[in-house]
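# Overview (structure and organization)
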Amino acid sequence: MKSANEEHASTSEPVIKVEGLRKSFGSHVVLKDIDFTVMPGEVVTIIGASGSGKSTLLRCINLLEIPDAGHVWFHGKDLAAQHVDVNKLREKIGMVFQGFNLFNNMNVLDNCTLAPVTLKKMDKAEAESVAMGHLRSVGLEEFAKADVNTLSGGQKQRVAIARALCMRPDLMLFDEPTSALDPEIVGEVLGVMRDLAKDGMTMVVVTHEMDFAKNVSDKVVFMDQGVIAEEGSPKQMFTSPKHPRTREFLSRYLEDTKEK
């Protein structure tokens, strides 16, 4: 029996297709001719050293950063095309940041219902019902009326995930969602992300969590100095990476694997 991801991936066109993407900040070239695709239901993790362009690539996918050249196709529509309603398409792309980006002057439930009510014109009662369902799924139903300032970092990140899911996205982008968390609460956020993957959510995850990349991904992308140096299945990338820079980056992890 096929998993949800395999069933999605065996059908249809890519959810995201990136072609020839370039991005510079002043004279500093951050992305150089990036090409990659994300199929429906696929979990793609992007790994690499700090400064390799991972987060900039993610931000270019939903045009939080405007590419200098190239294309980002979302469900076959070029986000850079002038006739495309980017804001409408962006409603279908959820984004979870390392810094949570919650509204500190609102409680948890209001954080989750604001966008569905204002952007999707969803009835408030319906939005609250949807939000409570997602808060339940991330283990925070009892915190619905809590002030977000009283939550732990792990709880805030789970609220951020629930908030993104309330827009019923076709794609979830995660930009190092555990990097700002204390080590003992990283697991609770990764657990929610694992559940999303099992449910067939299409996800692109920039992460330093190698166990997640190895065990949850369908595809691992290794970035180095603004280019995709290598990509492949987790098994290939974590047992026999081809590129010297991939081997160097993963060397400590590969040694740990051998010792086990």
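Quick caveat: nothing in here was measured; it's all calculated off a predicted structure.

## Digging into the packing of aromatic side chains
- The tally for this structure, following the rule as stated, stands at one aromatic pair.
- Judged by centre distance (5.3 Å) and plane angle (40 degrees), the rings of Phe222 and Phe249 are tilted. Separated by 27 residues along the polypeptide, Phe222 in strand 9 (residues 219-224) and Phe249 in helix 10 (residues 244-259) bring together distant segments of the chain.
- Judged by its relative accessible area of 1%, Phe222 is buried.
- Judged by its relative accessible area of 28%, Phe249 falls in the partly exposed class.

## Regarding the pattern of salt bridges
- Throughout the structure, instances matching the rule amount to 13 salt bridges.
- Across the pair Asp110 and Lys124 runs a salt bridge, and its minimum N-O distance is 4.0 Å. Taken together, the residues span a long stretch of sequence, with Asp110 in helix 4 (residues 108-118) and Lys124 in helix 5 (residues 124-137) at a distance of 14 residues.
- Note on Asp110: relative accessible area 29%, which makes it partly exposed.

## So, helix 5
- Here helix 5 is 14 residues long and its end C-alpha atoms lie 20 Å apart, about the 20 Å a rise of 1.5 Å per residue gives.
- Lining the buried residues of helix 5 we find helix 4 and helix 6 (153-165).
- Capping the start of helix 5, Asp123 holds a side-chain oxygen 3.0 Å from the backbone nitrogen of Ala125, two or three residues further along.
- Looking one or two places after helix 5, you find Gly139, whose phi comes out positive at around 80 degrees.

## Focus: the domain arrangement of the chain
- Its domain assignment divides the chain into domain 1 (16-92 + 170-256) and domain 2 (103-168).
- The interface of domain 1 with domain 2 comprises 14 residues on the first partner and 14 residues on the second.
- Of the roughly 1100 Å² buried at the junction of domain 1 and domain 2 (both faces included), carbon and sulfur atoms supply 68%.
- Seen at the junction of domain 1 and domain 2, the total is one salt bridge.
- The closest approach of N and O atoms between Arg158 and Glu188, which form a salt bridge, is 3.0 Å.
- Where domain 1 packs against domain 2, one counts four residue pairs in polar contact (both at pLDDT 80 or more).
- Mapped by element, the contributors of at least two residues to the side of domain 1 that touches domain 2 are strand 7 (171-175) and helix 7 (183-198).
- Here the side of domain 1 that touches domain 2 gets six residues from one element, more than from any other, and that element is helix 7.

## Some details on the sheet that holds strand 2 (residues 28-38)
- Pairing is antiparallel across the open sheet formed by four strands, whose spatial order is 2-1-4-5. The sheet is open, and its two edges are formed by strand 2 and strand 5 (77-78), each paired on a single side.
- Pairing of strand 4 (residues 69-74) with strand 5, which is carried by two bridges, proceeds in the antiparallel orientation. For Phe74, the partnering residue across the bridge sits in strand 5 and is Lys77.

## Observations regarding the pairing of strand 7
- For strand 7, the tally of buried residues reaches five of five residues, placing the bulk of the element in the interior.
- In strand 7, alternate side chains face the same way, and those of Leu171, Leu173 and Asp175 on one face and Met172 and Phe174 on the other are all buried.
- Relative to strand 7, strand 6 (residues 93-96) is paired through four bridges, and the arrangement is parallel. The partner of Met95 across the bridge, within strand 7, is Leu173.
- Here strand 7 runs beside strand 8 (residues 203-206); their pairing, made up of four bridges, is parallel. Within strand 8, the position partnered with Met172 by the bridge is Met203.
- Regarding topology, helix 7 serves as the crossover connection from strand 7 to the parallel strand 8, and that connection is right-handed.

## Overview of the UniProt feature "domain: ABC transporter" (unreviewed entry) in the chain
- UniProt's entry tags residues 16-250 with the feature "domain: ABC transporter" (unreviewed entry), counted in the numbering of this structure.
- Annotation note: span residues 16-250, helix share 37%, strand share 25%, distance between end C-alpha atoms 27 Å.

Criteria and cut-off values
Within each chain, residue numbers correspond to sequence positions counted from 1 in written order. Residues qualify for local features only when their pLDDT is at least 70, as the model is predicted, and side-chain atom pairs are given and counted only at 80 or more; totals for whole chains, interfaces and linings, by contrast, use all residues. Side-chain measures were taken over the full set of non-hydrogen atoms in the model, leaving aside hydrogen atoms and water. Two rings belonging to Phe, Tyr or Trp (six-membered ring only in the last case) form a pair when the distance between their centres is within 6.5 Å. Interplanar angles under 30 degrees mark stacking, angles over 60 mark edge-to-face geometry, and anything in between is tilted. Comment: elements are numbered from the N terminus, with helices defined as DSSP H or I runs of at least four residues and strands as E runs of at least two. Working definition: with a 1.4 Å probe on protein chains only, accessible area under 20% of the residue-type maximum means buried, over 50% means exposed, and in between means partly exposed. We define a salt bridge as a contact between a side-chain nitrogen of Lys or Arg and a carboxyl oxygen of Asp or Glu at a distance within 4 Å. In a helix, the anticipated span is given by 1.5 Å times the number of residues less one. A contact between two residues is defined here by any heavy atoms of the two lying within 4.5 Å. Within 3.5 Å is the distance limit for a polar contact, defined as a pair of N or O atoms, with the added protein rule that one can donate a hydrogen and the other accept it, and that residues adjacent in sequence qualify only through two side-chain atoms. Delimitation of the domains relies on an automatic or database domain assignment. Note on terms: buried area is the combined drop in 1.4 Å-probe accessible area of two parts once they are placed together, counting the loss on both. At least two DSSP bridges between two strands are needed for those strands to be called paired. A crossover counts as right-handed when, viewed with the strands pointing away from the observer, the path leading from the first strand over the helix to the second turns clockwise. UniProt positions are given in the numbering used here, feature names are shortened, and annotations may be inferred rather than shown by experiment.

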